[in-house]
Amino acid sequence: MKYVDEFRDQQLARQLAAAIAAEVDPKREYRLMEFCGGHTHAIFRYGVQQLMPPNLRFVHGPGCPVCVLPMARLDQAMAMTHEHGVTLCTYGDLMRVPASGRQTLLKAKAAGADVRMIYSTQDVLRIARDEPERQVVFMAIGFETTTPPTAVAILQARAEGLKNLSFLCNHVLTPPALRAILALAGPEGVRLDGILGPSHVSTVIGTQPYAFVPREFGLPVVIAGFEPLDVMQSALMLVRQINDGRREVENQYSRAVGEGGNTRALELMARVFVTRPSFEWRGLGFLPESALALAEDYADLDAERRFPVRVEASHEIKGCECPAILRGLKEPTECKLFGTVCTPDNPMGACMVSSEGACAAYWSHRTHMPSSGLNR
């Protein structure tokens, strides 16, 4: 894939930085939450925070699908391999996320469980076709971005009559998580002045689902692209809204995001999935109508029904601040474990494992780490 050079042009970056510096009110602070982990990495990889005036700070949100998956769901998957002998397939980031007792899918594999890393849903379908004697379970995770490919795989499995393939669905929804963050904001939670809306998620769901943010919480939203100039332009758009007293949903990423989203993808999701009454999130607890499950017409492909297991309540590793980091309450450098016992080679929490985690971003680009303080 070729990137358009204009979105990383140094001269344009300087111009945007100068415009932001000229337009911020020196008497106030601007706390802008980037919901998406991809934005967090762009901010640190390109030193975007360093180009901002000192009273404008980016606050890191819960937009890392691996990070928000609670330990109990990992425990559930591993219990399926132990109790039912299933072949568990999932994406690479999930392999090293600590579950209860610091167990991981990678350790389970080393101990003899049939756990396989895949790169796409088509890999899962191929394994099920090639090894009909095995019961294959796909541990599907992600926000709305990765949900349509899972829907396609479910439809393919049904069309091909694959009796040995089922799906452990952990797909979660962005708007309910954003609502939960904002409901906790203020004196008891993170202090925010604006939201950088996620890029990939918005290509699927569009801009309409964010209308509740200005309407109910009085905060502006700008859907932002992933490139450094996207983030900077979006920050400028938020600054202007805040200064003008406007509370709107604006779309900086108009080259990829439309108001109504991807109608074909949304139709696929509505056909295959239903909303769960409640689902647990790491750092946010149980949120109503915040995740998806297979619809009744596809119940025979639901791994939770086919391979039931009992899982005890899980607890985070002592001292790990990943839950607070996901809520925007702390920065990774405020965790006592960060950079000491918790490193990418020895992660204590999901935020250090995932390629989209805030701790991983701080570690990978720690020459650009800012000082703590303004995000609370």
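Fair warning: this is a prediction, and the values are worked out from it, not measured in the lab.

Caption draft 1: Highlighting the confidence of the model for the protein chain. Of the residues in the protein chain, 95% have a pLDDT of 70 or more, and the chain-wide mean is 91. Under a pLDDT of 50 for its full length, residues 367-376 has, in the predicted model, 36 contacts with residues more than four places off or in other chains.

Caption draft 2: Region of the structure containing the sheet that holds strand E2 (residues 56-63). In space, the five strands of this open sheet follow the order E2-E1-E7-E8-E9, with parallel pairing throughout. For this open sheet the edge positions go to E2 and strand E9 (249-251), each flanked by a neighbour on one side alone. Shown here is a sheet whose adjacent strand axes are inclined to one another by a mean of 25°, direction ignored. Relative to strand E7 (residues 194-197), strand E1 (residues 30-36) runs parallel, the two sharing three bridges. Bridged to Met 33 within E7 is Ile 195.

Caption draft 3: Just the pairing of strand E5 (residues 136-142), in detail. The buried fraction of E5 is high, at seven of seven residues. Of the two faces of E5, the one carrying Val 136, Phe 138, Ala 140 and Gly 142 and the one carrying Val 137, Met 139 and Ile 141 are both buried. Sheet topology places strand E3 (residues 87-91) next to E5; three bridges connect them, and they run parallel. The partner of Thr 87 across the bridge, within E5, is Val 136. Pairing of E5 with strand E6 (residues 165-171) involves seven bridges; the strand directions are parallel. Residue Ala 140 lies in a different strand from E6, and its bridge partner there is Cys 169. For the handedness criterion, the β-α-β arrangement of E5, helix H8 (residues 147-160) and E6 is classed as right-handed.

Caption draft 4: Structural context of the state of the cysteines. Applying the stated rule across the entire model yields two disulfides. Residue pairing for Cys 64: its cysteine sulfur links by disulfide to Cys 67, the two sulfurs lying 2.5 Å apart. Its S-S torsion of approximately 70° makes the covalent link between Cys 64 and Cys 67 right-handed. The pair Cys 64 / Cys 67 is uniform in exposure class, with both members buried.

Caption draft 5: Structural detail: helix H5 (residues 71-84). Its 14 residues give H5 an end-to-end C-alpha distance of 20 Å, which sits within 8% of 20 Å, the value for a rise of 1.5 Å per residue. Of all 14 residues that make up H5, eleven are buried, and the element is covered over most of its length. Within H5, the full set of buried residues consists of Met 71, Ala 72, Arg 73, Leu 74, Asp 75, Gln 76, Ala 77, Met 78, Ala 79, Met 80 and Thr 81. Just past H5, the residue Gly 85 takes up positive phi, approximately 65°.

Caption draft 6: Expanded view of the packing of helix H1 (residues 10-23) against helix H12 (residues 228-244). Interaxial distance between H1 and H12 falls to 10 Å at its minimum, and their mutual angle equals 20°. Relative to H12, H1 is oriented roughly parallel. The two elements H1 and H12 cross, and the hand of that crossing is left-handed. Contact residues: Leu 12, Ala 13, Leu 16, Ala 17, Ala 19, Ile 20 and Glu 23 in H1; Leu 229, Met 232, Gln 233, Ala 235, Leu 236, Val 239, Arg 240 and Asn 243 in H12. Taken together, the residues of the contact of H1 with H12 break down into eleven nonpolar, two polar and two charged.

Caption draft 7: Structural context of the packing of H8 against helix H13 (residues 263-272). With their axes 9 Å apart at the nearest point, H8 and H13 run at an angle of 55° to one another. Taken as axis vectors, H8 and H13 run oblique relative to one another. Considering the relative orientation of H8 and H13, their crossing is left-handed. In this structure, H8 uses Thr 147, Pro 148, Ala 151, Val 152, Ile 154 and Leu 155 to contact H13, whose residues at the interface are Ala 265, Leu 268, Met 269, Arg 271 and Val 272. Along the lines of polarity and charge, the residues of the contact of H8 with H13 split into nine nonpolar, one polar and one charged.

Caption draft 8: Representation of the pattern of salt bridges in the model. Counted by the stated rule, this structure contains 23 salt bridges. For the salt bridge of Arg 116 with Glu 131, the shortest nitrogen-to-oxygen distance reads 2.7 Å. Of this pair, Arg 116 sits in strand E4 (residues 115-118) while Glu 131 sits in the loop between helix H7 (121-130) and E5, and the two are 15 residues apart along the sequence. Given the relative accessible area of 18%, Glu 131 is considered buried. The network of salt bridges with shared partners includes Arg 28, Glu 29, Arg 31 and Asp 193.

Caption draft 9: Summary view of unusual backbone geometry. Even without a glycine there, the phi angle at Arg 102 is positive, about 60°. Structurally, the position occupied by Arg 102 is in the loop between E3 and helix H6 (105-110). Among the residues examined, Arg 102 registers a relative accessible area of 33% and is labelled partly exposed. Positive phi values are uncommon outside glycine, yet Glu 289 reaches one of about 50°. Mapped onto the elements, Glu 289 comes out in the loop between strand E12 (285-288) and strand E13 (292-294). Residue classification places Glu 289 among the exposed positions, given a relative accessible area of 55%.

Procedures and definitions
- Residues numbered from 1 in each chain as written.
- Predicted model: local features only at pLDDT ≥ 70, side-chain atom pairs only at ≥ 80, totals over all residues.
- Heavy atoms only, no water.
- pLDDT = per-residue confidence, 0-100.
- Contact = heavy atoms within 4.5 Å.
- Pairing = 2+ DSSP bridges.
- Helix = DSSP H or I, 4+ residues; strand = E, 2+ residues; numbered from the N terminus.
- Axes fitted to C-alpha atoms, helices over the stretch in contact; angles between N-to-C directions.
- Buried < 20%, exposed > 50% of the residue type's maximum accessible area, 1.4 Å probe, protein only.
- Right-handed = clockwise from strand over helix to strand, strands pointing away.
- Disulfide = S-S within 2.5 Å.
- Expected span 1.5 Å × (residues − 1).
- Parallel < 35°, antiparallel > 145°, perpendicular 65-115°, else oblique.
- Left-handed = near helix turned anticlockwise from the far one by under 90°.
- Nonpolar A, V, L, I, M, F, W, Y, C, P; charged D, E, K, R; others polar.
- Salt bridge = Lys/Arg side-chain N within 4 Å of Asp/Glu carboxyl O.

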